[in-house]
Amino acid sequence: MPFEIAKMSIFGNSNIGVYVYGNDKITFIPQGLQKKDVEEISQILQTDITEISIANTRLIGVLMSGNNNGLILSRSITDNEVDLIKKSSKDLNVLVLSSRNNAVGNLIVANDKAALVYPYFEDDIIKQIQDNLGVEVFKRSVVGIPTVGAIIAVTNVGGLVHPDVSDEEIKFLEDIFKVPFKTGTVNFGVSFIRTGLIVNTKGAIVGEDTTGPEIARIQMVFGT
């Protein structure tokens, strides 16, 4: 199958990554999306789709992270919401992270080789993440930004990172995630990549304002 990329806005907003989280197996979307958008997400990412809320909000991409082994959820999630996620994600580990830092989507970025996380997480939080995702966990800021989940998108094929990254940081990312990395932007120059990109190894959805050159870059990085 070719690696397809579609442009979309969600609730009139091109920051689509704020609302959706997915891996190679399942994609979680907020309630209230138009049917045609749900169908397009399913077709491009080639996964099952589950409608959920987290902490009674639509901010799925901000309050969830993970890889193909496990999902990590914000501790602000309700018990009913956790039950629904567990029911729909069958063979994935599901962890409600006990950290007081809620925006786990901005704090954790992972593929099936490694996870890079917020540098100020305590050791017990790191251990929880490691056990859940089944990968080694590394702590550090990138381009001086501690919310690494917001500025990096990575799959088991490639990675895209904030354009101000240093050569040393690129090498570090390639060494831990075991995939090639390139710099890029979304939504006409936004360097917080994850806010405008939902990607797995099969396809990508980008924010409506993403330009042709930005899409070509995403295709080059993540297309197989």
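Everything here concerns the structure above.
Within each chain, residues carry numbers counting from 1 in the order of the written sequence. Restriction of local features to residues with pLDDT of at least 70 applies here, the model being predicted, together with a cutoff of 80 or more for giving and counting side-chain atom pairs; totals for whole chains, interfaces and linings are based on all residues. The side-chain numbers reported here are obtained from all heavy atoms of the structure, hydrogens and water having been left aside.

1. Quick word on the packing of aromatic side chains
Reasoning step 1: Between the rings of Phe, Tyr and Trp (Trp by its six-membered ring), a pair exists once the centres lie within 6.5 Å; its type follows the angle of the planes, with under 30 degrees stacked, over 60 edge-to-face, and the other angles tilted. Following the criterion strictly, the structure yields five aromatic pairs and no others.
Reasoning step 2: Here the aromatic rings of tyrosine 118 and tyrosine 120 are separated by 5.3 Å at their centres, their planes lie at 80°, and the arrangement is edge-to-face.
Reasoning step 3: Under the scheme applied here, a residue whose accessible area is under 20% of the maximum for its type counts as buried, over 50% as exposed, and between as partly exposed, the area being computed with a 1.4 Å probe on protein chains only. Since its relative accessible area comes to 16%, tyrosine 118 is described here as buried.
Reasoning step 4: Their ring planes at 75° and their centres at 5.4 Å tell us that tyrosine 118 and phenylalanine 121 sit as a pair that is edge-to-face.
Reasoning step 5: By relative accessible area, which is 2% here, phenylalanine 121 ends up buried.

2. Structural notes on the sheet that holds strand β7 (residues 93-96)
Reasoning step 1: Ordered in space as β5-β6-β7, the three strands form an open sheet in which the pairing is mixed. Either end of the sheet is taken by a strand with one partner, and the two such strands are β5 (64-66) and β7. Each strand axis lies, on average, 20° off the axis of its neighbour in the sheet, ignoring direction.
Reasoning step 2: Summarising the sheet, strand β6 (residues 70-73) and β7 pair through four bridges and their orientation is parallel. Bridging across to β7, glycine 70 finds its partner in asparagine 93. Here, any two strands with at least 2 DSSP bridges between them count as paired. Helix numbering and strand numbering both begin at the N terminus, where a helix is a DSSP run of H or I of at least 4 residues and a strand a DSSP run of E of at least 2. Every angle, taken between N-to-C directions, lies between 0 and 180 degrees, and every axis is a line fitted to C-alpha atoms, over only the stretch in contact when it is a helix.

3. Structural notes on the pattern of salt bridges
Reasoning step 1: We define a salt bridge as a side-chain nitrogen of Lys or Arg found within 4 Å of a carboxyl oxygen belonging to Asp or Glu. Counted under the stated rule, the structure contains nine salt bridges.
Reasoning step 2: For aspartate 91, the salt bridge is made with lysine 25, and the minimal N-O distance between the two is 3.5 Å. Of this pair, aspartate 91 sits in the loop between α2 (79-88) and β7 while lysine 25 sits in the loop between β2 (21-22) and β3 (26-30); the two residues are 66 residues apart in sequence, bridging distant segments of the chain.
Reasoning step 3: The exposure class of aspartate 91 is exposed, given its relative accessible area of 56%.
Reasoning step 4: Ionic pairing is found between glutamate 122 and arginine 100, a salt bridge with its closest N-O pair at 3.2 Å. Separated by 22 residues along the polypeptide, glutamate 122 in the loop between β9 (114-117) and α4 (123-133) and arginine 100 in the loop between β7 and α3 (104-107) bring together distant segments of the chain.
Reasoning step 5: Relative accessible area serves as the criterion here: at 60%, arginine 100 is assigned to the exposed category.

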